[in-house]
Amino acid sequence: MPPTIVPELTCASGEGIAYRGTVAVTESGKTCQSWSSQTPHKHNRTPDNYPCKGTDKLGLDNNYCRNPDNERQPWCYTTDPETRWEYCSVPKCSNASGPSGKELQMVKV
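Named according to an unreviewed UniProt entry, the chain is Kringle domain-containing protein originating from Periophthalmus magnuspinnatus.

Have a look at this one:
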């Protein structure tokens, strides 16, 4: 069975699995470590290990907050050697949002 394709969102709905925005700091203000970097924190959540999450600027190649492993919200490894990872504050989608993260307007027909 082929993988399910999820629309890319600039806001997070649910756990933020499809979030592809550009927030790159944690809730406490720490800068995110690049997903392809192994310093200061070694990890296995790399673009090579998560190819379905994207391998361009919208996926795991940058230091943007993501949720590749079904956590409760997007997160990242930090560049702080004392703090391995933290959750990120990313924009939440409203209930009436489309795949672009922009609100949809209801039109009477």
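Draft legend 1. Inspection of the state of the cysteines at higher detail. Scanning all chains against the criterion turns up 3 disulfides. Between Cys11 and Cys93 runs a disulfide, and the two sulfur atoms are separated by 1.9 Å. Disulfide Cys11-Cys93: torsion about the S-S bond near 100°, hence right-handed. Residue Cys11 is found in the segment before strand 1 (75–77), and its partner Cys93 is found in the segment after strand 2 (85–87); the two are separated by 82 residues along the sequence. For the pair shown, Cys11 and Cys93 are each scored as buried. Shown here is the disulfide that connects Cys32 with Cys76, its sulfur atoms set 2.0 Å apart.

Draft legend 2. Spotlight on the packing of aromatic side chains. If you walk through the whole model with that rule in mind, you get 5 aromatic pairs. Here Trp75 and Tyr77 contribute two aromatic rings whose centre-to-centre distance is 5.0 Å and whose plane-to-plane angle is 80°, an arrangement assigned as edge-to-face. Here the two residues Trp75 and Tyr77 agree in accessibility, since each one is buried. Judged by centre distance (5.1 Å) and plane angle (85°), the ring pair of Trp85 and Tyr87 falls under edge-to-face. According to the relative accessible area criterion, Tyr87 is buried, its value standing at 14%.

The rules behind the values
- Residues numbered from 1 in each chain as written.
- Predicted model: local features only at pLDDT ≥ 70, side-chain atom pairs only at ≥ 80, totals over all residues.
- Heavy atoms only, no water.
- Disulfide = S-S within 2.5 Å.
- Helix = DSSP H or I, 4+ residues; strand = E, 2+ residues; numbered from the N terminus.
- Buried < 20%, exposed > 50% of the residue type's maximum accessible area, 1.4 Å probe, protein only.
- Phe/Tyr/Trp six-rings, centres within 6.5 Å; stacked < 30°, edge-to-face > 60°.

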